[in-house]
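# A look at the structure
As a plain string of letters, each chain reads:
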Amino acid sequence: MNGKDGFKILLAFVCITTSFGQTVHADEVPVDMVERKPAAEPVVQDWQPTPPQLFIGRCQPNADAALPGCKLPFTEPNVIAYETEISCGASRNYLSKEIGQIPAQFRSKRANNPEAHFPDTCIAYALRNFEVFAYENKVGSFASCGGETGFPAKGNLIPCVTQDYTQAIYNSFVDVTDCLAIPQKEILPKLWNESAFHVNTINSTEGAWDGGVGQLTSSAIRSVIMQREAGSATTELDYHLAEMRKSGKASCQRILTQASALKAVAAESKDRCGLLDTPANPLRNLLYMGIYYRTMVEQLTGISYRAGKEQMRDASGNWSEWSATLNSDLGRVIGRSGIKEKLQKLGIQNPSANYIRQILVTLSFNAGQQHALLLLNSYLDARIAEKLTLSDADLDFMNTDTRGLRDVMVGPKDETAEAKKIRLAKLDARRKSAHREPLPIFMRVSQTVGSPGYLSVVSFFRAKKYDRELGANLCTERGFMQHSR
């Protein structure tokens, strides 16, 4: 999760045909964010009309006739459908037995799901639209486990996206986010980018071994099982489970019935199967991801999770519920760093606390809290020093295209030493002046921890693709990664 997610971004060929039927060139996504895969034979798009019982939903045909709405492997254009064990074959059904052991309240499609703020189409589309070459070519992105301990074995085909598999992920995601008061549509584009919600994704880039739906690293896991306060035996996991028990939410109560999902797991990569192995996962992985999110929010903003709600202490020390629409202040690290006051100095008279929280928490998943804060404060301080102003457009990650930075960020494979020296000199010059450009440009050239431009990938590439393919704000939060006064 903390960086190294090139394999999670887009297909890494110079020119390939994507799963949604478009020809995409490598310069449509920053090259430094893409892990190059060995050439693979294209998936044969051989399909029959989708039976009604497998139909999930439709994509939105693009207004541009040259760009169809979407095209998923082995499915007719603009249709999102489940796969079957028969259509997948034995080589892709390696999770089916364990998925069948997940309790029906998580594995089956719910007739009534009031906790869901988005349809299961969003999950199914991401599951079917990820690393399409893995339908017929074994790659390192999908692993298998022989139990809840041990090291995952890499080299599987993409799992079969059946109804049970999809619903187990969808229902687990909905319950965890609802129970822990996490904005569902803010997390969807991020997790599509990380794992496309697959239970057994693994990323071994630089030895991090990010695992499962939430792509959890050892440091993220330690944040969940560590002591909440010095000298206390209570861990973050203990605390959040206790607060969940105080909540009357049905989502919390369903999670708490699943004892296997609530246990502490080892943080060391040699036991990463603890957050990949089914049937305890995907629920356990998503619960850990949710608690990790809550710890970052609390550390950055002072907003705590209490009895199923977000609460914050007021000036008198009393607890009250925090709301993005009602509260304009943030505490803890963000409050002490004066980000709100800096934005006001730069002409943003009513800074959005929710926007500040959104970009810093999202970036912290990838680059860590310290680097995320350093980047934002450095940008604001440099603009103040030069008496520059800011507009909402300067803070818009959804509509700022950073692809033009590709050539200066990463050189070609055959780059000579002299050419590299020249390119790095240009990059250094660009970094020194980047504070005069919109924040997404600054983040792309200045981020040195994690994946440079991570916020642009989550918003400009993933969230916008959701909007374009499935319809505006069906799977994304309105105003995501955008500041509006």
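My aim in this report is to walk through the structure given alongside it, one point at a time. (Residues numbered from 1 in each chain as written. Predicted model: local features only at pLDDT ≥ 70, side-chain atom pairs only at ≥ 80, totals over all residues. Heavy atoms only, no water.)

What follows covers the overall build of the chain. Along the backbone of the chain there are 18 helices and eleven strands. The proportion of buried residues among the 485 residues of the chain is 57%. Pairs at least 24 apart in sequence give 74% of the contacts found in the chain among residues at least 6 apart. (Helix = DSSP H or I, 4+ residues; strand = E, 2+ residues; numbered from the N terminus. Buried < 20%, exposed > 50% of the residue type's maximum accessible area, 1.4 Å probe, protein only. Contact = heavy atoms within 4.5 Å.)

The peptide bond linking Thr 278 to Pro 279 adopts the cis configuration, its omega dihedral lying at 15°. Each neighbour pair has its own omega, and for Asn 281 with Pro 282 the value is 25°, a cis peptide bond. If you trace the backbone, Pro 282 turns up in the loop between helix H9 (250-256) and helix H10 (283-301). Here Ala 196, not a glycine, exhibits a phi torsion of approximately 55°, which is positive. Under the relative-accessibility criterion, Ala 196 is labelled buried at 0%.

Below, the discussion takes up the nonpolar core. In terms of nonpolar packing, the biggest core is built from 118 residues, with Phe 197, Met 244, Leu 360, Leu 439 and Tyr 466 touching the most fellow members. Broken down by element, this core gets its largest block of residues, eleven residues, from H10. (Core = buried A, V, L, I, M, F, W, Y, C linked by side-chain atoms within 4.5 Å.)

In this structure, Lys 71 sits in the loop between strand S3 (55-58) and strand S4 (79-81). A polar side-chain atom of Lys 71 sits 2.6 Å from the main-chain carbonyl oxygen of Thr 75. (Polar contact = N/O pair within 3.5 Å; in protein donor to acceptor, adjacent residues only side chain to side chain.)

Turning our eyes to something else, we now look at the pattern of salt bridges. Throughout the structure, instances matching the rule amount to 26 salt bridges. The closest approach of N and O atoms between Glu 469 and Arg 468, which form a salt bridge, is 3.7 Å. With relative accessibility at 36%, the residue Arg 468 sits in the partly exposed group. (Salt bridge = Lys/Arg side-chain N within 4 Å of Asp/Glu carboxyl O.)

Turning our eyes to something else, we now look at the packing of helix H7 (residues 218-225) against H10. At a closest axis distance of 9 Å, the pairing of H7 and H10 adopts a crossing angle of 75°. Judged on the interaxial angle alone, H10 and H7 are roughly perpendicular. Each of Ala 220, Ile 221, Ser 223, Val 224 and Ile 225 in H7 lies in contact with H10, whose residues at this interface are Tyr 288, Ile 291, Tyr 292 and Thr 295. Grouping the constituent residues of the contact of H7 with H10 by class yields seven nonpolar, two polar and no charged. (Axes fitted to C-alpha atoms, helices over the stretch in contact; angles between N-to-C directions. Parallel < 35°, antiparallel > 145°, perpendicular 65-115°, else oblique. Nonpolar A, V, L, I, M, F, W, Y, C, P; charged D, E, K, R; others polar.)

Under the counting rule described, the total for this entry stands at five disulfides. A sulfur-sulfur separation of 2.0 Å characterises the disulfide bridge that pairs Cys 88 with Cys 160. The disulfide joining Cys 88 to Cys 160 has a torsion of about 80° about its S-S bond and is therefore right-handed. Taken together, the positions of Cys 88 in helix H1 (residues 85-88) and Cys 160 in the loop between strand S6 (153-156) and helix H5 (163-179) put the pair 72 residues apart, joining distant regions of the chain. Residue Cys 88 shares its accessibility class with Cys 160, and that shared class is buried. (Disulfide = S-S within 2.5 Å.)

This part takes up the sheet that holds strand S9 (residues 304-306). Spatially, the three strands line up as an open sheet ordered S9-S10-S11, and their pairing is antiparallel. Of all strands in the sheet, those bounded by a partner on one side alone are S9 and strand S11 (319-321). Mean inter-strand twist for the sheet, computed between neighbouring axes without regard to direction, equals 50°. Examined bridge by bridge, strand S10 (residues 309-313) and S11 share three bridges and lie antiparallel to one another. What sits directly across from Gln 311, in S11, is Glu 321. (Pairing = 2+ DSSP bridges.)

Attention now goes to the pairing of S10. Side-chain positions along a regular strand alternate between the two faces of the sheet. Of the pairings in the sheet, the one linking S9 to S10 comprises three bridges and is antiparallel in character. The partner of Ser 304 across the bridge, within S10, is Gln 311. Hairpin connection of S9 to S10: two residues between the antiparallel strands, including Ala 307 at a positive phi of 50°. Connecting S10 to the antiparallel partner S11 that follows it, the hairpin turn spans five residues, and Gly 317 within it adopts a positive phi of roughly 90°.

The way to describe two aromatic rings as a pair is by their centre distance and the angle between their planes. In total, this model carries eleven aromatic pairs according to the counting rule given. Geometrically, the ring pair formed by Trp 192 and Tyr 466 is tilted, given 4.5 Å between the ring centres and 45° between the ring planes. Within this pair, whereas Trp 192 is found in helix H6 (residues 184-194), its partner Tyr 466 is found in helix H18 (residues 454-470), the two being separated by 274 residues in sequence. An identical accessibility class is assigned to Trp 192 and Tyr 466; each is buried. Aromatic side chains Phe 460 and Phe 461 sit 5.2 Å apart centroid to centroid with 80° between the ring planes, which places their arrangement in the edge-to-face category. The same class applies to Phe 460 and to Phe 461, which are both buried. Put simply, the rings of Phe 118, Tyr 170, Phe 173 and Phe 197 pair up and form one aromatic cluster. Positioned above the aromatic ring of Trp 192 is the side chain of Arg 462, whose terminal nitrogen or guanidinium carbon lies 4.8 Å from the ring centre. (Phe/Tyr/Trp six-rings, centres within 6.5 Å; stacked < 30°, edge-to-face > 60°. Lys NZ or Arg CZ within 6 Å of the ring centre and 35° of its normal.)

Another point: H7. Spacing of three or four residues puts side chains on the same side of an α-helix, whose turn is 3.6 residues. Along H7, the residues classified as buried are Ser 218, Ala 220, Ile 221, Ser 223 and Val 224. On its buried side, H7 packs onto helix H8 (236-246) and H10.

A few words now on the packing of helix H14 (residues 369-385) against helix H17 (residues 439-446). Where H14 meets H17, the axes come as close as 11 Å, and the angle between the chain directions of the two elements is 130°. Classified by the interaxial angle, the pair formed by H14 and H17 is oblique. Between H14 and H17 the crossing geometry is right-handed. On H17, the residues that touch His 371, Leu 375, Leu 376, Ser 378 and Tyr 379 of H14 are Leu 439, Phe 442, Met 443 and Ser 446. A class-by-class count of the residues in the contact of H14 with H17 yields six nonpolar, three polar and no charged. (Left-handed = near helix turned anticlockwise from the far one by under 90°.)

Below, the discussion takes up the environment of Asp 175. Tracing the backbone through its elements, the reader meets Asp 175 in helix H5. Sequence separation between Asp 175 and Ala 250 is 75 residues, and the spatial gap between their C-alpha atoms is 8.3 Å. Polar contacts involving the side chain of Asp 175 include one to the side chain of Arg 254, which spans 2.8 Å.

Once that is clear, we can look at the side chain of Thr 476. For Thr 476, the position within the fold is in the segment after H18. Among the polar contacts listed, one links the side chain of Thr 476 to the side chain of Asp 467, at a separation of 2.6 Å. Filtering out sequence-adjacent residues up to four positions away, Thr 476 remains in contact with Lys 185, Pro 189, Ala 463, Tyr 466 and Asp 467.

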